[in-house]
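# What the coordinates show
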Amino acid sequence: MPNTPERDAHRMWLEAMGRSIRHRGPDAGGVWMDDYVGMVHRRLSILDLSDAGNQPMVSESGRYIIAFNGEIYNFREIRKQLEAVGYRFRTQTDTEVLLALFDHKGEKCLEDLNGMFAIAIWDREARQLFLARDRLGKKPLYYYQESGQFAFASEIKALLQVPFVKTDIRPDAIKDFFAYQYVPDPKTIYRHVHKLPPGHWLTIDGEELTVRQYWDVSFARPSSASLPELEAGLYDLIDDAVRMRMVSDVPLGAFLSGGVDSSAVVGLMAGHADRPVTTCSIGFDSRRFDEVIWAKKVAELFHTDHHEFTVRENVAGSLSEIARFFDEPFADPSFVPTYFVSQLARQKVTVALAGDGGDENFAGYSKYRTDHLENRIRRLFPSALRHSAFPRLAQLAGAMNSPFTRKAQSLLGTLAMEPDEGFFVTNSFFRRSVWNRLVRGELKRETQGYDPADITRHHYHNADTDDHLSKILYTDIKTYLPGDILTKVDRMSMANSLETRAPLLDYRVVEYAASIPSALKMKGREKKFILKDTFSRLLPDDVLYRKKMGFSVPLAEWLRNELFDTAESVFNDDEGGLSHCFDMNAVRDLWQQHQGGNSQYTQELWSMLAFELWWGAYVDSK
């Protein structure tokens, strides 16, 4: 096809998109175009390191062109099935197998895939584009649609390279961000940019756009199997998920925190490896938040090749640069240690296994126990009494303004609510009272009638069970897991050109966990009971039953020390992004209270700092 000025411009757009996400694939890059569609791909070589595995890849027939991010763990089994019906392959890649499977089955190919993926396939004959995202949302996929124009990418920053992409900010997404610490799908911070939700596919033919869900997790059929039977099945399934994720033509290792999930993954890896597993851990200059001693204990237990990094004074100097990898506001502070442990791991390996998913599948977070206690108390009182008397009691407690009465106010306030609302409020990171005190101007007017809790309510009531714990686990699998945890891990690992794999998020493990009665997940005060009991044959009791920390960070200390100058500058800036949203005098009042030793606004202050970091990188910079 002859080049034209328009075609040359489109190629320049594609090349700019590729450069913007080079960190996701530094090993190779390619562009493919016809008169209707252009694709660009950046490759992080994991399987078949030859040039034959580069993308975009064209099918043998020439009909289909694919750009694919991720890994298909069962591609070898699928390849054998396709070879049996006549398909032939020229590479050892999962990409070529995926392309052939789509040729064979169309969109139903997704049912056969065990992996993490964002897929784009252009059908030249039907002139239709097919996009799909993996079941749990391990890999991101964004798309832009407005005024007959369409674009898609793995990160928003790639879309921002395209001149026709409008960047109007979405007011309700700002309110969502401050409530959740991230913008829940399918929204993004931009009005015309959307996330394709996990477990969904999309087709567009230039006229009609269709989005369909192809997978969901069901809690409707609790298993009646005995505890030993359930544990045997769970152990074998997780062990197989680990085995499948150890296929790689490049060095492979693991993140190790010393908690149950990552320790179990490392222990199982050691059983499949013919050499010491490479493990990486992160620590802090704060004994209360430092877990490296436990990681080291597990590393010694399984004789791993262990490496550690301690986060010290380099937080402030790195924060703005690290935060740029999130193309919209993101405020989970554990992205900082996640970045550094990924950076450490990349010095040793190209692929790292992680323990993500154990908490959402098996009720591992402390918030689940808090919610359980609140719900038990809630059931002791008639609904009418809770709705009428508890709000007034909460108001009286709040007027006394002591640490004890503030806790009483919070508890009474959530007890007055229904379980779905109470779960949202208990776990919201920006209290409604603080939002109402700060919000101003146009943002206040445009979000007056909008409640971010509607997102939690929607998923809570969409769960196909009456069991409350199962409903909130389902809600977190649909919101917190893809919106926070997986986004954080993907951006921070990919920022370092590191691929992460999560055996506990194998869809078979997720479906199996959903069939386990909730009483075996949280038994009395013990969270993740069945998972811990399952791995008692592999891990010692002091690892299984110690207090969970995860990637907790000393946030209040950071804001008073390492991040003081950065935050002080942000909160005294009357021209920044926050000034478009909030009353800056009220913001400064919270900041002064924090510096005076009152840490009750730590999370709100951090969220505002994170918002300003995004604003400076993506709004002011324009």
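Now for a description of the structure that goes with this document.

Parameters at a glance
Residues numbered from 1 in each chain as written. Predicted model: local features only at pLDDT ≥ 70, side-chain atom pairs only at ≥ 80, totals over all residues. Heavy atoms only, no water. Pairing = 2+ DSSP bridges. Helix = DSSP H or I, 4+ residues; strand = E, 2+ residues; numbered from the N terminus. Axes fitted to C-alpha atoms, helices over the stretch in contact; angles between N-to-C directions. Phe/Tyr/Trp six-rings, centres within 6.5 Å; stacked < 30°, edge-to-face > 60°. Buried < 20%, exposed > 50% of the residue type's maximum accessible area, 1.4 Å probe, protein only. Core = buried A, V, L, I, M, F, W, Y, C linked by side-chain atoms within 4.5 Å. Contact = heavy atoms within 4.5 Å. Polar contact = N/O pair within 3.5 Å; in protein donor to acceptor, adjacent residues only side chain to side chain.

Moving on, we come to the sheet that holds strand S9 (residues 193-195). Across the sheet, which stays open at both edges, the three strands sit in the order S8-S7-S9 with antiparallel pairing between neighbours. The open sheet terminates on both sides in strands that have one partner only, identified here as strand S8 (149-153) and S9. Averaged over neighbouring strand pairs, the angle between their axes works out to 25° when direction is ignored. Across three bridges, strand S7 (residues 142-146) lies against S9 in antiparallel orientation. Paired with Tyr144 across the two strands is Val193, which belongs to S9.

Let us look at the packing of aromatic side chains. Following the criterion strictly, the structure yields 35 aromatic pairs and no others. On the basis of an interplanar angle of 80° and a centroid distance of 5.6 Å, the ring pair of Tyr365 and Tyr480 is categorised as edge-to-face. Of this pair, Tyr365 sits in the loop between helix H11 (358-362) and helix H12 (366-378) while Tyr480 sits in helix H20 (residues 480-494), and the two are 115 residues apart along the sequence. Tyr480 carries the same exposure label as Tyr365, and that label is buried. Judged by centre distance (5.7 Å) and plane angle (50°), the rings of Phe611 and Trp614 are tilted. Taken as a pair, Phe611 and Trp614 lie in helix H27 (residues 602-620) at a separation of three residues, close to a single helical turn.

A few words now on the nonpolar core. Core analysis: the biggest nonpolar cluster contains 181 residues, and Phe582 and Met608 have the highest contact counts within it. Broken down by element, this core gets its largest block of residues, eleven residues, from H27. Setting aside residues no more than four positions away along its own chain, Phe582 makes contact with Phe178, Phe430, Trp435, Leu438, Val439, Arg440, Val587 and Met608. Grouped together as the second largest cluster of nonpolar side chains are 16 residues, Ile65, Trp122, Leu131 and Phe152 included.

On to the side chain of Thr91, then. Of note, Thr91 is situated in the loop between helix H2 (75-84) and helix H3 (94-105). What makes Thr91 buried here is its relative accessible area of 1%. A polar contact of 2.7 Å, which involves the side chain of Thr91, links it to the side chain of Glu96. Excluding residues within four positions of it along the chain, Thr91 makes contact with Asp48, Ala52, Arg79 and Glu96.

Honestly, that's just the spatial picture; any functional story needs more than this.
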